[in-house]
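# Structure assessment
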Amino acid sequence: MSARRYLTAFGLAGLGKGLLLPVLSLLLLSRGLDQSTLALATGVFALTVVLRELPSGMASDRWGRRRVYLIAHTIGAVGDLVLAFTGQAFLGMMLMGAATAFESGGLSSLFFQRWMDARGKDTLPRAASWMNLMETGALAVGALAGGAVGAAAPTFLLPYAPLLLVRFTLRLGALVATAGIPADPPIPYSARKMQGCWRMLASNRQLVVLLVGGVVLGAALGDLEIYWQPHLEQLAGGYTPLLGVMSCISMFGAAAGMAIVGRFTARLRLERVYAVFYLAVAGWLAVLGHITNLWGYVGGFGALYLCMGGGDLARTSMLQAAIPPALRATAMSVDSLLCRLGAMLSSGAAAMALGYVGVPALWTGLGLVLAVGIGVQLLCGVPHTAGLSAKG
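Sequence order as written defines the numbering, with residues in each chain counted from 1. The predicted nature of this model means local features are confined to residues of pLDDT at least 70 and side-chain atom pairs, given and counted, to a pLDDT of 80 or more, with totals for whole chains, interfaces and linings taken over all residues. Values shown for side chains rest on all heavy atoms present in the structure; no hydrogens or waters enter the calculation.

## Quick look at the overall build of the protein
Rule in force here: Each helix is a run of H or I in the DSSP string that is no shorter than four residues. Each strand is a run of E no shorter than two, and both are numbered from the N terminus. Note that the radius of gyration is over C-alpha atoms, with the globule rule given as 2.2 Å times the number of residues to the power 0.38. The criterion used for residue contact is that any of the two residues' heavy atoms lie within 4.5 Å. Under the convention used here, Asp and Glu are negative, Lys and Arg are positive, and both His and the chain ends fall outside the count. A charged residue contributes its charge at one atom only: NZ of Lys, CZ of Arg, CG of Asp or CD of Glu.
A tally of regular secondary structure across the protein gives 15 helices and zero strands. Taking 21 Å as the expected radius of gyration for a compact globule of 392 residues, we find that the protein reaches 20 Å, a close match to that expectation. When the backbone C-alpha atoms are referred to their principal axes, the protein occupies close to 55 × 45 × 35 Å. Taking all contacts inside the protein whose residues are at least 6 apart in sequence as the whole, residues at least 24 apart take part in 85%. When the 27 basic and 15 acidic side-chain charges of the protein are each reduced to a single mean position, those positions are 10 Å apart.

## Concerning unusual backbone geometry
Just so we agree on the cut-off: Note on classification: 1.4 Å probe, protein chains only; a residue is buried when its accessible area is under 20% of the maximum for its type, exposed when over 50%, partly exposed between these limits.
Phi angles above zero are rare outside glycine, and Y160 is one such case at about 70°. Position of Y160 relative to the elements: it lies in the loop between α7 (124-149) and α8 (161-179). A relative accessible area of 8% means that Y160 is categorised as buried.

## Points about the environment of A343
Positionally, A343 belongs in helix α14 (residues 328-353). Its relative accessible area of 24% is what places A343 among the partly exposed residues. Residues A343 and R119, spaced 224 residues apart in sequence, show a C-alpha to C-alpha distance of 35 Å.

## Description of the packing of α7 against helix α13 (residues 294-322)
We count it as follows: To obtain each axis, a line is fitted to C-alpha atoms, and for helices this fit is confined to the stretch in contact; angles are then taken between N-to-C directions over 0 to 180 degrees. Oblique is the label for any angle not covered by the other classes, which are roughly parallel (under 35 degrees), roughly antiparallel (over 145) and roughly perpendicular (65 to 115). Take the far helix as your reference; a near helix turned counterclockwise from it by less than a right angle gives a left-handed crossing, and one turned clockwise gives a right-handed crossing. For this classification, Asp, Glu, Lys and Arg are treated as charged, while Ala, Val, Leu, Ile, Met, Phe, Trp, Tyr, Cys and Pro are nonpolar and the rest, including Gly, are polar.
Orientation of α7 relative to α13, taken along the N-to-C sense of each, is 125°, at an axis distance of 9 Å. Of the possible angle classes, the one that applies to α7 and α13 is oblique. Crossing handedness for the pair α7 and α13: right-handed. Here L124, P125, A128, S129 and N132 of α7 come into contact with α13, specifically with D312, L313, T316, S317, Q320 and A321. Residues of the contact of α7 with α13, tallied by class, amount to five nonpolar, five polar and one charged.

## Looking at helix α1 (residues 4-20)
How we decide: For a helix, the expected span equals 1.5 Å multiplied by the number of residues minus one.
Compared with the 24 Å implied by 1.5 Å per residue over 17 residues, the 25 Å span of α1 between its first and last C-alpha is a close match. Within the sequence span of α1, burial applies to Y6, L7, A9, F10, G11, A13, G14, G16, G18, L19 and L20. Each element contacted by the buried residues of α1 is listed here: α2 (24-30), α4 (65-85), α5 (89-103), α6 (106-119), α7 and α8.

## Description of the nonpolar core
Heads up, the rule is: Working definition of a nonpolar core: buried Ala, Val, Leu, Ile, Met, Phe, Trp, Tyr and Cys residues. They are joined through side-chain atoms within 4.5 Å.
Residues F111, L224 and W363 are the most contacted members of the largest nonpolar core, which totals 70 residues. In terms of residues, this core owes the most to one element, α13, which gives 13 residues. Apart from residues no more than four positions distant in its own chain, W363 is found in contact with D223, L224, Y227, W228, H231, L285, A286, L288, G289 and Y297. L20, F45, V49 and Y160 belong to the second-largest nonpolar core, a separate cluster that totals 20 residues.

## Some points on the pattern of salt bridges
Threshold: Definition used for salt bridges: Asp or Glu carboxyl oxygen within 4 Å of a side-chain nitrogen of Lys or Arg.
Considering all chains together, one arrives at seven salt bridges under this definition. In this structure, K17 engages E103 in a salt bridge whose closest nitrogen and oxygen atoms are separated by 3.2 Å. Separated by 86 residues along the polypeptide, K17 in helix α1 and E103 in helix α5 bring together distant segments of the chain. Note on E103: relative accessible area 12%, which makes it buried. Between R269 and E271 there is a salt bridge, and its shortest N-O distance comes to 2.6 Å. Owing to a relative accessible area of 27%, R269 belongs among the partly exposed residues under this scheme. A cluster of three or more residues bridged by salt bridges with shared partners is formed by D80, R167 and R171.

## Brief notes about the packing of aromatic side chains
For clarity, the threshold we go by: Any Phe, Tyr or Trp ring, taking Trp's six-membered ring, that has another such ring centre within 6.5 Å forms a pair; planes under 30 degrees apart are called stacked, those over 60 apart edge-to-face, and the others tilted.
Summed over all chains, the structure comprises eight aromatic pairs. When the centroid spacing of 5.5 Å and the interplanar angle of 45° are considered together, the rings of Y6 and F111 count as tilted. Linking Y6 in helix α1 with F111 in helix α6, this pair joins segments that are 105 residues apart in sequence. Side by side, Y6 and F111 carry an identical accessibility label, which is buried.

Pasting the structure below:
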């Protein structure tokens, strides 16, 4: 198996996502939304992802993972054109949400399955490291480019249209790269066989523990993503160019964490790597909001994401080793859905809690929640990885 086309598709898709990371809210405001309707538009995106997440994973397993990934980028390309040339922000966000849902778990599940078939489960961490490093690095480069170009556009185009057209072109590149990957045949449908697969998945306690743990991870880290920007501005005394730099720090920090785990912890069991790195994330989250020095906050933010990258590599490897092959894309969609559910629940709770406490206290509480969640997972039985190393 050659990983080149898979990694090319992941990289091009990551570049496209990164382009809009620093400017998406501004883009939507330029299409006629205000502060109140902006929240509705992002809510439409989130709701579309949640509603499509599990069906898209099941469709990938049933009709072919490469095919569904191609559909995802086709839908996303239409959404890019809608946002580039019209003021239909809600339609554009709905299409982006559908593309995100159909994209999750499709090609990556096929990549992991074929990697295991060709190289064995013991090299899974290396596969996860390559995929995550490619996606994360591309996101960081895309975010830098998107922040630099911003709303610049010729007079005959809407603001941010050039970014959307570049993203459209990158999607076409990802489509071409994916089309060159050998197709996976649709799985013959058998109700009895599928029921057996679902029973096998539900009876795998260690896999269930990891999946349910995604709710805790989403809850703890979702509010960090929401509030780190205003907290940075508060420390800086107003708008600061560090906003764009911090986005890159988070991505490069996560990539560095993955590289460290992949290179230097080959003799450690992945469940221990997972626990140690995510407990470190919990510690940084608990203290980050209480750091009053601007550069100390920036450094702590980077350290948190470095630890998150190492923990995520271990978690991804354990998940892929535990998932039944026939339900790989479905299980990955379930994992994504549970993480998003945790983030949604946490954001609702935070909206109420911030009437009584500030962001530093909120983050401290979430750090404690994450630490307790990791401890409960260890007690319940995180997958033991005797056959997996962090290097492979």
